Structures are given as C-alpha cells and as structure tokens.
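Take a look at the letters that make up each chain.
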Amino acid sequence: MPEDFDALRQELLSCRDCQARFGFEPHPVVRGRADAKIMQISQAPSGRVHETRLPFDDASGKKLKGEWYRVSDEVFYDEANFYLTSCGHCYPGKAPGGGDRLPPAACAKKWLRREAEAVNCRLYICIGSRAAGFFFPGEDFSGLVFGENTINGKPALVLPHPSPLNIKWFQDHPRFLAERVGEVGALVRRTLGLE
Ligand code: SF4
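Engineer: So what's going on with the overall build of the chain? Which residues, and what values?
Structural biologist: Assigned secondary structure in the chain consists of 10 helices and 5 strands. Relative to a compact globule of 195 residues, whose C-alpha radius of gyration would be 16 Å, the chain shows 16 Å and is just as compact. Across the 195 residues that make up the chain, the buried fraction comes to 34%. At a minimum sequence separation of 6, the contacts of the chain that also span at least 24 residues come to 72%.

See the structure below:
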C-alpha cells in the first residue's frame, strides 16, 4: 500500500539532516499534490529557489516551461498539474571552485522512491543526468533522452538540463531541439489535457 502522501510531505519538509554539512539551515523545496498529473524530478534547487521556494523560477525555467513544455507559469505551478521535486531537495550551497555543490546522494535515497510511489501521476519527467541515473542506473543518458522509458509502469521522459551552460550537449545532439522537444511538449500538453 502506498505511503500516506501528507505524512510523507510533512516529514520531508521538516528534514534538516544536512544542516551541519551545508553550514546553514536547509529548506526542502517540493510542491504539488498527490494526484498531480506529472511528477518532475530535477537536480537540486538553486540559491534563488532557496529564497523564492519556486522551482525553475529562472532562465532555465523560462526555456523549460515556455519553449519545451509550451505551458504558462499558471499551468506549471498549478499543484494539480505538476509535482515538482529533485534529487537534492535543498539548495546545497556554493562549491569552493564556483557553481553549486552537488546534492547529497543520501537525499535522493531517502525520499525519491517514496515520493514516486506516493504521487499518483500519469507521467514522470527526469531532468538531467542525476535524476536519470537515480531511476535508470547504468543506462546511457542520451539513449534515455531519445528512448521510450517507464517508471512504476508509467511513461517517463528524460530531458537534458535546459541550462544555457549545457550548450555542448545541445550541439552534440541537434535532434533534441529539432525533433524531440516537439514530442516532449505534445506529450506534456496531452497529459495535462491541453490538446
Ligand atoms: S538535502 Fe535532503 S536530506 Fe538534506 S536536509 Fe534537505 S531534504 Fe533533508
């Protein structure tokens, strides 16, 4: 029997396991209902999201929502549409050499499978190699992006991170923007009942 969603959500939002490791109070960021149509899993919140608590409220999000999914902010942040979570649920702080630290692996192990079972979605979307590697360990990332995948017997899209810093992957895989992204948008919109 699936875990009680509300109890899981409360437990997750209260988690402070990484406080000593981060050196500041963690703020788990997750939003969406148990019956959200799509469960989206990305890498970890950015420093901006740590403040706003609104996932993908940045340049990457603008591309993901507006160009790939072709949905408005109103649709994306409707908790009946998207359950938004990540491998690391909290902003992990800055790495010494610049950029954000990697999310602690223990976070995904503690929460992600439980969330994937408690949320009764119709479609999963993994964004980036970390989320893909969690659900499809050992599988080739690009093969997953262009392949037909399932999680818990339901369709699962795997997407590259929409960050402008990911430019080399897009250059190496022109078919993604030329063809695949159109298929992704159509499936997202169909799942949401928009077409
Ligand atoms: S990153 Fe994950 S394990 Fe660490 S405090 Fe946040 S929710 Fe808890």
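Following the structure, the description resumes.
Engineer: Could you give me a rundown of unusual backbone geometry, with the residues and numbers involved?
Structural biologist: Located in the positive-phi region is Arg53, a residue other than glycine, with phi close to 65°. Looking at the element boundaries, Arg53 is found in the loop between α3 (47–52) and α4 (59–69).

Engineer: Explain the nonpolar core to me, and be specific about the residues and the numbers.
Structural biologist: Taken as a class, soluble globular proteins show a tendency for nonpolar side chains to be buried jointly. Counting 42 residues, the largest nonpolar core has Met39, Cys126 and Val158 as its most contacted members. For Val158, the contacting residues outside a window of four places in its chain are Cys126, Ala132, Leu144, Val145 and Asn149.

Engineer: Requested: an account of the site of the ligand, with residues and values cited.
Structural biologist: Lining the immediate surroundings of the ligand are 13 residues, of which Cys15, Cys18, Pro26, Cys90 and Cys107 lie closest. Here the shell around the ligand is built from residues that sort into 8 nonpolar, 2 polar and 3 charged.

Engineer: With reference to specific residues and values, describe the pairing of strand β2 (residues 82–86).
Structural biologist: The side chains of a regular strand alternate, first on one face of the sheet and then on the other. Of all 5 residues that make up β2, 5 are buried, and the element is covered over most of its length. Where burial is concerned, the two faces of β2 agree: the one with Phe82, Leu84 and Ser86 and the one with Tyr83 and Thr85 are both buried. Relative to β2, strand β1 (residues 38–42) is paired through 5 bridges, and the arrangement is parallel. When the bridges of β2 are listed, Ile41 appears paired with Thr85.

Engineer: If you had to explain helix α10 (residues 174–191) to someone new, which residues and values would you point to?
Structural biologist: A rise of 1.5 Å per residue sets the reference length of α10, with its 18 residues, at 26 Å; its end C-alpha atoms lie 26 Å apart and thus fit the reference within 8%. Of all the bends found along α10, the most pronounced is centred on Arg180 and spans about 45°. Where α10 terminates, the next one or two residues include Gly193, which has phi positive at roughly 75°.

Engineer: Can you tell me about the sheet that holds β2, naming the residues and giving the values?
Structural biologist: Taken together, 5 strands build an open sheet; the order of strands is β2-β1-β3-β5-β4 and the sheet is mixed. The open sheet has two edge strands, β2 and β4 (149–151), and neither has a second partner. Averaged over all pairs of adjacent strands, the angle between strand axes in this sheet comes to 30°, irrespective of strand direction. The pairing of β1 with strand β3 (residues 123–127) spans 4 bridges and is parallel. Among the inter-strand pairings, Ile38 is bridged to a residue of β3, identified as Leu123. α10 contacts β1, β3 and β5 (154–159) of the sheet and is inclined by roughly 140° relative to β5.

Procedures and definitions
- Residues numbered from 1 in each chain as written.
- Predicted model: local features only at pLDDT ≥ 70, side-chain atom pairs only at ≥ 80, totals over all residues.
- Helix = DSSP H or I, 4+ residues; strand = E, 2+ residues; numbered from the N terminus.
- Rg over C-alpha atoms; globule rule 2.2 N^0.38 Å.
- Buried ≥ 20, exposed ≤ 12 C-beta atoms within 10 Å, placed from the backbone.
- Contact = placed C-beta atoms within 7 Å.
- Core = buried A, V, L, I, M, F, W, Y, C linked by C-beta atoms within 7 Å.
- Near = placed C-beta within 6 Å.
- Nonpolar A, V, L, I, M, F, W, Y, C, P; charged D, E, K, R; others polar.
- Pairing = 2+ DSSP bridges.
- Expected span 1.5 Å × (residues − 1).
- Bend = angle between axes of the 7 residues up to and from the residue.
- Axes fitted to C-alpha atoms, helices over the stretch in contact; angles between N-to-C directions.

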